[in-house]
Amino acid sequence: DIDAEATQNWEDKLSLGETQRLAMARLFWHKPKYAILDECTSAVSLKMEKRLFETCRRMGITLITISHRPALQEYHDRMLILNGDKGWEVSALDPSGSSDVPKTKMEREQSLSVIMTELEVQGSMADHTKAGASMVAVDKVTMSTGLYGRLLQLNKLMFQSSSEQLFSLTALAGLVVLRTALSNSIALLNGEAMRLLVLKDLPGFLRLSATALFQGCLQSMLSPTLAAVEKRMALMWRQRLNRHICDRYMQHQAYFHLKETMPDLKDLGSIDQVLASDVNSLTDGVANLWHEFVKPVVDIAWSARTMWNLTGQRGLNVQYAYMVGGFLFLRLVRPNLAQLTAVKEKLDADFAFVHARLRQHCESVAFFNGGKAEKAIVERHFDAKQKHYTVMKQKQHAYGVAQQWVGYFMPNNLVWYLSMVYQEMMIEKIGGDVNSLTPQQQGALSHDLRYLATTVNNSFTAFGAIMELYGKVQSLMGHVHRVGKVVEALDKAESLSKGQTSMEEHGSVEQEPGGNVVKFSHTYILTPNHTQKLAHDCSFELTRGQDKGILVTGQNGVGKSSVFRILAGLWPLHRGHALGPPPRTEVFFVPTVPYMAVGTLADQITYPRKLPQPLSDKDREHLFELLEMCRLTYLGKREGLDKFSDRWEQQLSLGEQQRLGVARAFFRKPRFVCLDECTSAVALDGEEHLYRCFEDLGCTVLTASQKPWLTAFHNKMLTLSGDGQGSWDFNYITPGKSASQPRLAKAAYVDKRQTQGQGSR
């Protein structure tokens, strides 16, 4: 049931072990003669690892494997050892099996299901979006705020008080009214100029020119001032919205909850797109919107008074009947601009994401020569974006034509009609006909007709602006939807952190500062979406100083990390009671792939704490001691503790990153440390050394792993079955009965980059 056309970010949905097995499925699909395997089974069980390599042998694939795992010697006949100091050594291995089994000759369409069975990932891949320990959960709190409700919510965030809102908008409206008054005065001057020209009054015309020049100077100062006020208000609102979103995004692990438990944000793309684009468009649009709303309203009201004085009720009726009819017509032909804008921003975010993803995984793509496949993905997103842009521009163009015709060109005919109405009214009032008018009366008529034409044109320009404003409001609503949805989701994340959910959660997690016990009592552990039961009525206890540690084991994706997430407060406990010291201070967590922060090498060890700069001699000595404990002394000497980089994850191997992650735990010296497959890329002797260091520091370990030889460093074992019913098993590990592990040649564990000679990759 694999949907080959579905586009998913699978790294967020699958565990590392499941990802590695799918990578092996890719290998089996292509059936090459040679395969280069770079630590590609570090997160799978020994049983699965053996199964994968035996499948390679049956298919006749010759392997070049980069690994520290001694068990893999069985599937190779030569071993190349690099000592880290330009030295190397090649040794022969005793073959333990034959590789001359013929390849399976099945069609690829038929072989895919066999491959998936071989990897023990039967079932619908679509289910991975709904269930599984590492899968994204569905929405837990209904987002019921409507579009205009979100607009009101954002309005409260942009204005700190109602008095500030009243003052800001009144000041902006005052500038608009002043500009409208100046525009009306200039319109009167135009009519007066016509009257003076008819009367041939040169001194009066010169005085009028001086007055017009002064008013023009005021008008030229007023427009930039109004624009500057708009930009200042937009900048202030942008700062407040960005600060509000960023502050709350970094609180209550919202950055985690928005990803793990709120797929209702999928239609937004990425939050960075909302912060970088939508917030700016929203604040600029709102600031400009108020100005563009006040000006036409004031213009229409001002023009209405003039129209009443010149044409009476008849002129007003004609003008406003046309406006109402034009408004209804434009509303009928207007496209859904809010939806078009929201979809546009989503497609922009998706297009940026595929480029960022290619940059992040460029090495893996290069190994597969996957440029053609990635190009197809990029082109698919670009085509979707281009197609939507084309449709959007076509609809905007059609609406723009209708808007220009109704709002700007048709009113010219109305100006002629109203001018004729006024002329008839004036002649009827004076008596006679046009030819009998005196020069003064002709000048007054010319003045009033010019003033009327300017007034009517201003009125319909304002009407056209209101029509445009309606379209801008609809486009702006697309940004309101996206920004408002993020703000509402942050409210939801805060509610979840306080235990306020729409589902029944009766479990409790108690934090005991200075406590020496981690205890789960009759706990029911479910995924946040409540679609998979990971542990049913599970109980265990771990006491610091008495117990060595507990090994949480089970197949990939059964939820081994769920125990750690509950202790950290990232997942809610459905039922039961959990007790432990406070997370991040007395309980420390080391993930499979540590987060490499932007900063110096010293920052990688102390994260999230940052030591005062420049580093003191005492701090340097302590950090080098930690590097020596992790056998990374060479890294400190090669890079330097003060070296800054924002690409540490690209400059260091996974083994080096994992050991830096362990160094963070050594730096904090917690009471308990949760290790989530955090030594999967570290050689066996280095792995054992790190666990002994934890023992020396007095840290009691909780380890999620499938490596049987790690039982030597634990005295309890919790096994999760992953059967969907929450079955589990708890056992005590008998001292001296831990699984033994064959070792590579002694030279494989020698790292000459280390000052003491012993080390691991």
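Each remark here, short or long, concerns the structure printed above.
Just so you know, the residues in each chain are numbered from 1, in the order the chain's sequence is written. In view of the model being predicted, local features appear only for residues whose pLDDT reaches at least 70, and side-chain atom pairs are presented and counted only at 80 or more, with totals across whole chains, interfaces and linings using the full set of residues. To get the side-chain values, all heavy atoms of the structure are used, and hydrogens and water are removed first.

Enquirer: I'm lost on helix α15 (residues 617-629) in this one. Help?
Expert: One turn of an α-helix holds 3.6 residues; hence residues three or four places apart share an orientation. Going along the chain from the N terminus, every DSSP run of H or I of four or more residues is numbered as a helix, and every run of E of two or more is numbered as a strand. By this rule the span expected of a helix is its residue count minus one, scaled by 1.5 Å. Taking 1.5 Å as the rise per residue, α15 with 13 residues should run 18 Å; its terminal C-alpha atoms sit 18 Å apart, in good agreement. Remark: exposure states derive from per-residue accessible area (1.4 Å probe, protein chains only) relative to the maximum for the residue type, with buried under 20%, exposed over 50%, and partly exposed in between. Burial in α15 covers these residues: L623, L626 and L627. Along the axis of α15, the buried residues cluster in a sector spanning 100°; they form a single face. Turned more than 90 degrees away from the buried face of α15, the exposed residues are D617, K618 and E621. Directions are taken from the helix axis to each C-beta atom, and the arc is the one they span.

Enquirer: I would appreciate a short explanation of the sheet that holds strand β14 (residues 700-704) in the present structure.
Expert: Working definition: the strands of a sheet are paired by backbone hydrogen bonds and lie parallel or antiparallel to each other. Taken together, six strands build an open sheet; the order of strands is β10-β13-β14-β8-β15-β16 and the sheet is mixed. The open sheet terminates on both sides in strands that have one partner only, identified here as β10 (587-590) and β16 (728-732). The average angle at which neighbouring strand axes cross in this sheet is 15°, direction not considered. In the packing of helix α18 (residues 654-668) onto the sheet, the strands contacted are β10 and β13 (672-676), and the crossing angle to β10 comes to about 170°. Two strands make a pair as long as DSSP finds a minimum of two bridges between them. Simply put, an axis is a line fit to the C-alpha atoms, just over the touching stretch for a helix, and the angle between two N-to-C directions goes from 0 to 180 degrees. Only heavy atoms enter the contact rule, under which two residues are in contact if any of them lie within 4.5 Å.

Enquirer: I'm lost on a nonpolar patch on the surface in this one. Help?
Expert: Distance thresholds for patches are 9 Å for like charges and 5 Å for nonpolar side chains (Val, Leu, Ile, Met, Phe, Trp, Tyr), applied to residues having over 30% relative accessible area and no salt bridge. Surface accessibility follows the Shrake-Rupley procedure with a 1.4 Å probe radius. Residue values consider only the protein chains on display as shielding. Salt bridges are identified by distance alone: a Lys or Arg side-chain nitrogen within 4 Å of an Asp or Glu carboxyl oxygen. A surface patch of nonpolar side chains, amounting to about 540 Å² of accessible area, comprises F329, L332, V333, W405 and F409. Counting residues per element, the ones that place at least two in the nonpolar patch are α8 (271-333) and α11 (371-430). It is α8 that contributes the most residues to the nonpolar patch, three residues altogether. Looking at where V333 falls in the secondary structure, it is placed in helix α8. Judged by relative accessible area, V333 falls into the partly exposed class, the value being 35%.

Enquirer: What is the right way to look at the packing of aromatic side chains in this model?
Expert: Centres within 6.5 Å make a pair out of two Phe, Tyr or Trp rings, where for Trp the six-membered ring is used; the pair is then stacked when the planes are under 30 degrees apart, edge-to-face when over 60, and tilted otherwise. Within the structure shown, the criterion is met by seven aromatic pairs. Look at F730 and Y732: their rings are 5.4 Å apart centre to centre, the planes differ by 80°, and that puts the pair in the edge-to-face class. Residue Y732 is classed as exposed on the basis of its relative accessible area, which comes to 61%.

Enquirer: In this structure, what is going on with unusual backbone geometry? I would like to understand it.
Expert: Peptide bonds are, in most cases, trans, and in most cases residues other than glycine have a negative phi. The peptide bond linking Y607 to P608 adopts the cis configuration, its omega dihedral lying at 5°. Counting through the fold element by element, P608 comes out in the loop between α14 (601-606) and α15. Despite not being glycine, E39 shows a phi value in the positive range, around 50°. With relative accessibility at 11%, the residue E39 sits in the buried group. One non-glycine residue, H522, lies in positive phi territory at about 50°. Relative to the elements of secondary structure, H522 occurs in strand β6 (residues 517-526). By relative accessible area, H522 is classed as exposed at 51%.

Enquirer: How should the sheet that holds strand β7 (residues 533-543) be read in this particular structure?
Expert: Spatially, four strands are ordered β5-β9-β6-β7 in an open sheet, and the strand pairing comes out mixed. Looking at strand neighbours, the two that pair on one side only are β5 (508-511) and β7, the edges of this open sheet. Sheet twist, expressed as the average angle between the axes of neighbouring strands with direction ignored, equals 15°. Pairing of β5 with strand β9 (residues 575-580) involves four bridges; the strand directions are parallel. From the neighbouring strand, Q511 faces β9, where its bridge partner is G580.

Enquirer: It is not clear to me how the nonpolar core should be interpreted in this structure. Could you clarify?
Expert: A general tendency of soluble globular proteins is for nonpolar side chains to be buried together. Put simply, buried Ala, Val, Leu, Ile, Met, Phe, Trp, Tyr and Cys residues joined by side-chain atoms within 4.5 Å make one nonpolar core. Grouped together as the largest cluster of nonpolar side chains are 39 residues, with contacts concentrated most on L154, W237, I245, L282 and V483. Every element with two or more residues in this core is listed here: α4 (147-158), α5 (162-199), α6 (202-249), α7 (254-260), α8 and α12 (439-497). In contact with V483, other than residues within four places in its own chain, are L154, I245, V274, D278, V279 and L282. Within the second largest apolar cluster, 37 residues are counted, among which are I605, W648, L675 and C678.

Enquirer: I'm lost on a negative patch on the surface in this one. Help?
Expert: In this count, Lys and Arg are taken as positive residues and Asp and Glu as negative ones, while His and the chain termini are left out. The atom standing in for a charge is NZ when the residue is Lys, CZ when it is Arg, CG when it is Asp and CD when it is Glu. Negative charge collects at one region of the surface, where D617, E621, E625 and E628 lie side by side. The residue E628 is located in helix α15 in this model. Taking the relative accessible area as the measure of exposure, E628 reaches 35% and is therefore partly exposed.

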